[in-house]
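Topology and contacts: notes
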Amino acid sequence: MGSRYRIRFAAVAQFAEPTLGKKKKLDAQQQPPVQPQPPNRARSSRSRYGCEECRQSRVKCDETFPICGRCTRRGVVCHAATRESQWQLHLPPSSSIKDDDEPLLHHWFSTTSQIIVSTSADDNPFSYPIAQYISPTGSLIHTLKSISAAHQNFFKPRGLQRCLEERCKALRAFRQELVRGEQSLQCSFLTAYLLGISSSYLDRYGVDYGKDHLLAAHAIVGLILADDTARNHPLTHLIVGAFVYWDMSCAFLVDTPEQREIGTPLLDGYITDTMQQVFHPITGRCTGLFYILCRLGRYVRRVSETADHNSVLELQFERELLEWDDETKEDPMWTQTSHAFRSHGLIMLYRFCGRSSNYPGSPLPAYTTEGCFTTDDLVRNHAVTTISSLLCIPLASRHLCLQPIPLLTAGAELTSDDACLRQEVRSRFKALYSFNRIPAHLAAEELLVSLWELKDSGQDITWLELMLLKGWRLRVG
Ligand SMILES: [Zn+2]
Ligand SMILES: [Zn+2]
């Protein structure tokens, strides 16, 4: 699949200079001359990227992103103005991307695509590099425009009209492509993946997590790995990591009768042999850890409903999690993030399966040598350590999009003695929403507040049980 488009980036006149050096490297020969800056306007109290909250109160916003100073102090969500890329998409005359498509695609490339990766914008394969897989009438272009349109309006129900129009077109085109076999497996995966993950962004009731798309994507990944040519395609690494992370974020949500095991010998082999070697824009070098959590999530969900335990499997999960070796030692924030996910797994395992074992290789000597620790002590300890570690990661960090899952699991274990940490977890969820606008992060905060109330009144309940009681299938990843 070759590149069908040549895309030029041109400086937008009024705010061109800050990233010129970087983009020049990308496309040096195509750079148009930088336009002169417009004359300085008198600085008004209405800042360019000021947030909605400051605007409404008619005060100057300090424009700290993703959450401004005033909103941080007030503990509220910050609806900041969109910061579009400082570059415009310039399509050659032969390009079949229409002018009408440009604003939404531009928003996708520069802003929306950033909410799904844990890498910088320049290394984001879902940004400009995805353009080469777009066909003007295909499902992918409508999918990108659909998500972009909703993201511009913070995925709010009253701003979804354009999004839903594009989504209908995407679904119609996708069905035709599948029936006629018109699309490559790689493009089909990208469409299924993006339609699937965005299902949860669009559902205000927290019920739709994109189950059908997840099942379709699982089948497509199987077909890719089973075919030598498809397996060696440059997108396969991206696809497998994206799929594993997505599946992990849904692992607790799939109702037990509908569960299908994710593991196949081909997927096992690809993750062991290939995923650990190359850094992935979503999962880093932690795809193997997320893959354990995919299986654990299904198991825990089953146990929560059937109380049917398999102690051998539980011991194996504990061993796999405790022995997980983080290979991203060059980046302490990746280490913190992977430890948080490991704790997320251990907390869920201990909470639902009890402390069935004292795994001998445990790197947590306090728990293994002092057998008097109760399960509650153990999980609270994991929770406090995890949250403290996640809160150390700054809000401007690219690791932010990986925070909600461990934050929810660990946050749920905080007790009434942890009032300050509870408040910080709430603030972090608001900041996460301010950053990526995904409504599930506000719902997760709401879920935690109800959970803490119940637990403080003496009820023994987990976040998963409360979520199921509410009828939600909240995908927060
Ligand atoms: Zn503000
Ligand atoms: Zn604000």
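Cut-offs used in this document
Note on numbering: residues in each chain are counted from 1, in written sequence order. For naming, the first written chain is A and the first written ligand is 1, with later ones following in the order written. Where totals are concerned, whole chains, interfaces and linings use all residues; where local detail is concerned, this predicted model gives features only for residues with pLDDT of at least 70, and gives and counts side-chain atom pairs only at 80 or more. Side-chain calculation: all heavy atoms of the structure are included, whereas hydrogens and water are not. In DSSP terms, a helix is any run of H or I states spanning at least four residues, a strand is any run of E spanning at least two, and both are numbered starting from the N terminus. Whether a residue is buried, partly exposed or exposed follows from its accessible area with a 1.4 Å probe, protein chains only, as a fraction of its type maximum: under 20%, in between, or over 50%, in that order. For Na, K and Ca the donor cutoff is 3.2 Å, while for all other metals N, O and S atoms must lie within 2.8 Å; water is not among the atoms, so some sites may look incomplete. By the criterion applied in these results, polar contacts are pairs of N or O atoms within 3.5 Å in which, for protein atoms, one can donate a hydrogen and the other can accept it, and in which residues neighboring in sequence qualify only through two side-chain atoms. Salt bridges are identified by distance alone: a Lys or Arg side-chain nitrogen within 4 Å of an Asp or Glu carboxyl oxygen. Under the convention used throughout, the expected extent of a helix is 1.5 Å for every residue step, that is, one less than its residue count.

Position of D123 relative to the elements: it lies in the loop between α4 (102–110) and α5 (139–152). Using a relative accessible area of 53% as the deciding quantity, one classes D123 as exposed. Between the C-alpha atom of D123 and that of P281, which follows or precedes it by 158 residues, the distance is 7.5 Å.

What follows is about the coordination of the zinc ion (ligand 2). Bound to the zinc ion (ligand 2) on the protein side are C51 (SG), C68 (SG), C71 (SG) and C78 (SG), at distances that span 2.2 to 2.4 Å. The distance between the zinc ion (ligand 2) and the zinc ion (ligand 1) is 2.9 Å, with C51 acting as a donor to both metals. Of this pair, C68 sits in the loop between α2 (52–56) and α3 (69–74) while C78 sits in the loop between α3 and β2 (87–90), and the two are 10 residues apart along the sequence. Accessibility expressed as a relative area gives 1% for C78, which makes it buried.

Along the polypeptide, S200 turns up in helix α7 (residues 185–202). A polar contact of 3.1 Å, which involves the side chain of S200, links it to the side chain of R475.

What follows is about the pattern of salt bridges. Following the criterion strictly, the structure yields 19 salt bridges and no others. Ionic pairing is found between R162 and E166, a salt bridge with its closest N-O pair at 3.0 Å. Of this pair, R162 and E166 both sit in helix α6 (residues 161–180), separated by 4 residues, roughly a single helical turn. Of the residues examined, R162 reaches a relative accessible area of 35% and is grouped as partly exposed. Salt-bridge contacts for R295 lead to E320; the nearest nitrogen and oxygen are separated by 2.8 Å. With R295 in helix α12 (residues 287–306) and E320 in helix α13 (residues 311–322), the pair connects residues that are 25 residues apart, well separated along the chain. Here the residues in one salt-bridge network are D255, R301, E305 and R473, joined through shared partners.

In this model α12 runs 29 Å from its N-terminal to its C-terminal C-alpha over 20 residues, within 8% of the 28 Å that 1.5 Å per residue would give. Buried residues dominate α12, accounting for 15 of its 20 residues. A307 sits one or two positions beyond α12 and adopts a positive phi of about 55°.

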